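Here are the chains, one letter per residue:
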Amino acid sequence: MELNLNPTANPKVMRCTYAVTSTRYKGTETLKVGRLATGEHLTVEQPRFTEMKDQSTTTLQSGVPKLIGAHRLPGPEGEYELFILTLTFTPDQAP
C-alpha cells in the first residue's frame, strides 16, 4: 500500500492518494520446457498468481471506514474482495 496524505480545511478530514495491491497464490502450472536426447519430456512447475490493484484520490474522515475498491474473485460467482481503508489521526498529529 502506498499513501500520500494532505490536510484539508477541515482538521478531521485528509485528502488521500493511494495505491493498493492484493496478490493471491493460485497454485502451480506444469510447463513443458524441452526434451532430452532420449525423447523424455522435461517439465517445470511454475507458481501462478493473480494481482488486483486500485489507485485513486479521495477524502477520508478520521476513524471512518471507506470502501476504496471491490474486485470479483476468480472462482464461484458472487465472491468479491473488498479494499476498505480507515485512517485514524488527531488534528495536532496529522501530517
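Above this text is the structure in question.
Residues numbered from 1 in each chain as written. Predicted model: local features only at pLDDT ≥ 70, side-chain atom pairs only at ≥ 80, totals over all residues. Heavy atoms only, no water.

Once that is clear, we can look at the overall build of the protein. Of the regular secondary structure elements, the protein holds zero helices and five strands. Traced from its N-terminal end to its C-terminal end, the protein shows the element sequence β-β-β-β-β. On C-alpha atoms alone, the protein measures out to a radius of gyration of 22 Å, which is more than a quarter above the 12 Å that the 2.2 N^0.38 rule sets for 95 residues. Principal axes of the C-alpha set define a box for the protein whose edges measure 75 × 30 × 15 Å. In the protein, which comprises 95 residues, the proportion classed as buried is 21%. Excluding contacts between residues fewer than 6 apart, the proportion of contacts in the protein whose partners are at least 24 apart in sequence is 45%. Roughly 6,900 Å² of accessible area belongs to the protein as shown, and the carbon and sulfur atoms make up 49% of that amount. Between the averaged position of the 10 positive side-chain charges in the protein and that of its 10 negative side-chain charges there is a distance of 4 Å. (Helix = DSSP H or I, 4+ residues; strand = E, 2+ residues; numbered from the N terminus. Rg over C-alpha atoms; globule rule 2.2 N^0.38 Å. Buried < 20%, exposed > 50% of the residue type's maximum accessible area, 1.4 Å probe, protein only. Contact = heavy atoms within 4.5 Å. Areas by Shrake-Rupley, 256 points an atom, 1.4 Å probe, with all protein chains shown as cover. Lys, Arg positive; Asp, Glu negative; His and termini not counted. Charge placed at Lys NZ, Arg CZ, Asp CG, Glu CD.)

Our next topic: the nonpolar core. Core analysis: the biggest nonpolar cluster contains 10 residues, these being Met14, Cys16, Tyr18, Val20, Leu60, Ile68, Phe83, Leu85, Leu87 and Phe89. Put simply, the parts of the chain that give this core at least two residues each are strand E2 (13–35) and strand E5 (80–85). Once residues lying within four places of it in the same chain are set aside, the contact partners of Leu87 are Leu3, Leu5, Leu60, Gln61, Ser62, Gly63 and Val64. (Core = buried A, V, L, I, M, F, W, Y, C linked by side-chain atoms within 4.5 Å.)

We describe a pair of aromatic rings using the distance from one ring centre to the other and the angle between the two ring planes. Taken as a whole and assessed by the stated rule, the structure comprises one aromatic pair. Summarising the aromatic geometry, the rings of Tyr25 and Phe49 are spaced 5.7 Å apart at their centres and angled 65 degrees between planes, so their arrangement reads as edge-to-face. Placement of Tyr25 in strand E2 and of Phe49 in strand E3 (residues 41–61) is noted, with a sequence separation of 24 residues between them. Phe49 gets classed as exposed once you look at its relative accessible area, which sits at 52%. (Phe/Tyr/Trp six-rings, centres within 6.5 Å; stacked < 30°, edge-to-face > 60°.)

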